[in-house]
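Chain by chain, the residues:
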Amino acid sequence: MYDYLQMTSNYFTYKAFGLIIRCEFEIPEFIIDNGNPDVLIELGAVPINLNKITKKGVKFQATHNEFLLTVDDVARFYVKDGSKIVVELLKNKPDKEVRLFLLGSAFGALFLQRGLLPIHGSAVKFGNSASIFTGLSGVGKSSIATYFVIKGHSFLNDDISVIDNTLMVIPGFPNLKIWKDIIEKLKIQNHKLEEIRTTIKKYHFPVKECFHKNPLPLKNIFIIGTKNSPGYEFEELKGLAKFNAVKNNTYRYRFVGGLEKMQEHFQILNSLLPNISVYKIVRPQSPVDLEGFAYFLTNTFKLNE
Amino acid sequence: MSKKNVIWLTSYPKSGNTWFRVFLTNLLNESETPANINDLAETSISSSRKVFDDYTGLSSSDLSFEEIDKLRPEVYRMQSDESNELLFKKVHDKFYFVSDNEALFPPEITLACIYFIRNPLDVAVSFAYHNAKSIPKMIETLNNPDYAFCDNNDRLPNQLRQLLGTWSEHVKSWTEQSVIPVHTVRYEDMKTDTLQTFKKAIDFIGLEKTELQIKQAIEKSDFAILSQQEKECGFKEKMIKSKSFFRKGEIGDWRNYLDEKMKNEIIKNHNTIMKQFGYLDDFNRLLI
């Protein structure tokens, strides 16, 4: 914990993922809050390399309590003890590009350091519980979540759905990221939407009024896949297949640094799995029919009951 | 210290790459029954988005095509470094440099490249069927210098962008570069002189396999078996609009589909390479 009083007064305080976050720069995607921070985000120099590295990727290094990520020409992120993120800018200001990677991979590492379970996918409220849509990138996780939001459902998370050790889904922040083709398909007014980066036709879709601010128990995880034939199929996963499927859809699983963290991760998975249903869902790869897919999900799994 | 353990299995689409991958799977598995066509490891595709995201720690969906290209060689290097076995990677990209000194496919980890080439007249027909597009459209595609897979930037395709260019440019990019050792295999030779053609490719890679093992793997990869498996269980690499992936695989099937104008257009566009690889003689007469 950090001493609230010692901090400079021009920092910004937010609540996201159940955490009070104090940041040296503005994060407009988050909801403003107050209180003693769980996480401090500051600008500054970060180490070139970490010592005693337990996991390494092309652009990241991890130890049991540290994480370092480089995004060329954007920023370097140093995450420590699940409570501090230092951002070293490789450009002139902490703009939307910096925040894109901060709220993605850097927060993913932070969750894993805190012993939380981040699932790569979007969480939507059905009844009094949450269901998570996960699967490989490009499979339509955000698209189906957006469809449900437009149809009046509340949502808790886009891209990273965090589950805590009480097995609740913790709300992230009120923003979806959707591709241009889905904006057009869903006839969303896009003149005010901001591109995530100038070169990429993917947009921030702020949805404050549809955001569910309180944690919800998790009921289902839907692992979406595609196939090259018409119609929808599903299979409920059990036993080892269920465990592996959720493990493999953990956000940035390769960031889990060291054996100790890995055991913590398995423990939370083991407590979670008996209490939820995990389904593998296969949809036709094209055409993308969100209405038909939502109808299939709602009716097959009685989501509205 | 990098090790040379990656084998790139490279081709323009519909040129025998998948057949060879099934054969390799059978050769390396050495099981009694033929390998399942749906078990050719997904991660072995060099354009896998999942592998890229896992290895970089970044979402490729948040990166530009150029940023992704710049990181791809590093992803392959790390995969090579982590593997104690040979890595076979299917490739449809043309060969190019992502920066002054950096090839998309790094030479220092490359053991070999097998480049599969097929008569473009047959490629046009097979590719049209595969994509459920008209033949004139595919003839245009074969001659499109900007042709690429997964290059829409308004949606997220399941694979990374792959630049192919024209059919001729694709062939030249791989067979005329000098930084990676390439063994070129003609589809027509795979069909007509199967054992010797496959054996030469295996020798080039440096795999120690007997002629009997190669022969058995070829038998287990017979077109009839692949086609039957697809009929029974489907094949995930088939495009949704196409009826089947394993169609006919015949040499000279173009004669049933291309008219004189279509044929002449392909020959005009790809004359030099067709001559170089024995599809045309010096008088532009077809040899196959």
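Residues numbered from 1 in each chain as written. Chains lettered and ligands numbered in written order. Predicted model: local features only at pLDDT ≥ 70, side-chain atom pairs only at ≥ 80, totals over all residues.

**Re the overall build of chain A**
- Along chain A, the regular secondary structure elements total six helices and 20 strands.
- With respect to the three principal axes, the spread of C-alpha positions in chain A is 55 × 45 × 35 Å.
- Burial analysis of chain A (305 residues in total) assigns 43% to the buried set.
- For chain A, contacts bridging at least 24 residues in sequence account for 64% of all contacts bridging at least 6. (Helix = DSSP H or I, 4+ residues; strand = E, 2+ residues; numbered from the N terminus. Buried ≥ 20, exposed ≤ 12 C-beta atoms within 10 Å, placed from the backbone. Contact = placed C-beta atoms within 7 Å.)

**Examining the interface of chain B and chain A**
- Facing 28 residues of chain B, the contacting portion of chain A comprises 30 residues.
- Per-element tally for the side of chain B that touches chain A: the top contributor is helix 2 (residues 49-56) of chain B, with six residues.
- Looking at the side of chain B that touches chain A residue by residue, the class counts come to nine nonpolar, nine polar and ten charged. (Nonpolar A, V, L, I, M, F, W, Y, C, P; charged D, E, K, R; others polar.)

**Overview of the environment of B:Leu226**
All names here are of chain B.
- Topologically, Leu-226 is positioned in helix 10 (residues 223-233).
- Using a count of 21 C-beta atoms within 10 Å as the deciding quantity, one classes Leu-226 as buried.
- Placed 55 residues apart in sequence, Leu-226 and Val-171 show a C-alpha to C-alpha distance of 27 Å.
- Setting aside anything within four residues of it in sequence, one finds Leu-226 in contact with Val-22, Ile-37, Ser-221 and Phe-246.

**Some details on the nonpolar core**
- Ranked by size, the top nonpolar core spans 153 residues in total, and within it A:Phe77, A:Ile85, A:Phe101, A:Ala106, B:Ile114 and B:Ala124 carry the most contacts.
- Looking at this core element by element, the count peaks at eleven residues for helix 1 (residues 96-113) of chain A.
- Two domains each donate at least three residues to this core, and these are domain 1 (4-114) and domain 2 (118-300) of chain A. (Core = buried A, V, L, I, M, F, W, Y, C linked by C-beta atoms within 7 Å. Domains from an automatic or database assignment.)

**What to know about the sheet that holds strand 1 (residues 6-11) of chain B**
All names here are of chain B.
- On the basis of which strands lie adjacent, the open sheet formed by four strands has the order 2-1-5-8 and parallel pairing. The two strands at the open ends of the sheet, each matched to only one other strand, are strand 2 (87-91) and strand 8 (182-186). Neighbour to neighbour, the strand axes of the sheet diverge by 20 degrees on average, direction disregarded.
- As paired strands, strand 5 (residues 110-117) and strand 8 are joined by five bridges and run parallel to one another. Paired with Ile-117 across the bridge in strand 8 is Arg-186.
- Packing of helix 6 (residues 167-175) onto the sheet brings it into contact with strand 1, strand 5 and strand 8, and relative to strand 5 it is tilted by some 150 degrees. (Pairing = 2+ DSSP bridges. Axes fitted to C-alpha atoms, helices over the stretch in contact; angles between N-to-C directions.)

**Concerning the pairing of strand 18 (residues 216-227) of chain A**
Residue and element names in this part refer to chain A.
- As judged from the six bridges shared by strand 11 (residues 129-135) and strand 18, these two strands associate in the parallel manner. Each bridged residue has a counterpart across the sheet, and for Gly-135 the counterpart in strand 18 is Ile-224.
- Where strand 14 (residues 168-170) lies against strand 18, two bridges are found, and the strand directions are antiparallel. Following the sheet pairing, Val-169 is matched in strand 18 by Leu-216.
- When strand 18 meets strand 20 (residues 277-284), the two strands line up parallel, connected through eight bridges. By the bridge assignment, Gly-225 is partnered in strand 20 with Val-282.

**Thoughts on the packing of helix 4 (residues 120-131) of chain B against helix 5 (residues 135-142) of chain B**
Residue and element names in this part refer to chain B.
- At a minimum axis distance of 9 Å, the contact between helix 4 and helix 5 shows a crossing angle of 125 degrees. Overall, the two elements helix 4 and helix 5 adopt an arrangement that is oblique. Relative to helix 5, the crossing made by helix 4 is right-handed. Where helix 4 approaches helix 5, its residues Pro-120, Val-123, Ala-124, Val-125, Phe-127 and Ala-128 are matched on the opposing element by Ile-135, Met-138, Ile-139 and Leu-142. (Parallel < 35°, antiparallel > 145°, perpendicular 65-115°, else oblique. Left-handed = near helix turned anticlockwise from the far one by under 90°.)

**Topic: the environment of B:Lys3**
All names here are of chain B.
- Here Lys-3 shows up in the segment before strand 1.
- Separated by 74 residues in the primary sequence, Lys-3 and Arg-77 place their C-alpha atoms 9.0 Å from one another.
- Here Lys-3 is in contact with Ser-80 and Ile-109, once residues within four sequence places are set aside.

**Structural notes on the domain arrangement of chain A**
All names here are of chain A.
- Splitting chain A by domain gives domain 1 (4-114) and domain 2 (118-300).
- Relative placement of domain 1 and domain 2: their C-alpha centres are 23 Å apart.
- Facing 23 residues of domain 1, the contacting portion of domain 2 comprises 21 residues.
- Residue assignment for the side of domain 1 that touches domain 2 shows that the elements contributing at least two residues are strand 6 (60-62) and helix 1.
- Broken down by element, the residue count for the side of domain 1 that touches domain 2 peaks at nine residues, all from helix 1.
- Across the side of domain 1 that touches domain 2, the residue classes tally to twelve nonpolar, seven polar and four charged.

**A few points about the sheet that holds strand 17 (residues 200-206) of chain A**
Residues and elements named next belong to chain A.
- Read from one edge of the open sheet, three strands run 15-17-16, paired in antiparallel fashion. On the outer flanks of this sheet lie strand 15 (175-179) and strand 16 (194-197), each paired with one strand and no other. Averaged over all pairs of adjacent strands, the angle between their axes in this sheet comes to 45 degrees, without regard to strand direction.
- With five bridges joining them, strand 15 and strand 17 adopt antiparallel strand pairing. Its bridge partner being in strand 17, Asn-175 is matched across the sheet by Pro-206.
- Lying on the sheet, helix 2 (residues 141-150) is in contact with strand 15 and strand 17; it crosses strand 15 at an angle near 120 degrees.

**Topic: helix 5 of chain B**
All names here are of chain B.
- Those residues of helix 5 that fall on the buried side of the exposure criterion are Met-138, Ile-139 and Leu-142. Each buried residue of helix 5 sits inside an arc of 105 degrees when the element is viewed along its axis, so together they form one side.
- Looking at the buried side of helix 5, the elements it contacts are helix 4, helix 6 and helix 11 (260-276). (Arc of directions from axis to C-beta.)

**Some remarks on the packing of helix 1 (residues 17-29) of chain B against helix 9 (residues 211-220) of chain B**
All names here are of chain B.
- Closest axis-to-axis distance for the helix 1/helix 9 pair is 8 Å, and the angle between their directions is 130 degrees. For the element pair helix 1 / helix 9, the angle class is oblique. Classified by chirality, the crossing of helix 9 by helix 1 is right-handed. In this structure, helix 1 uses Phe-23, Asn-26 and Leu-27 to contact helix 9, whose residues at the interface are Gln-213, Ile-214, Ala-217, Ile-218 and Lys-220.
- Residues that form the contact of helix 1 with helix 9 fall into these classes: five nonpolar, two polar and one charged.

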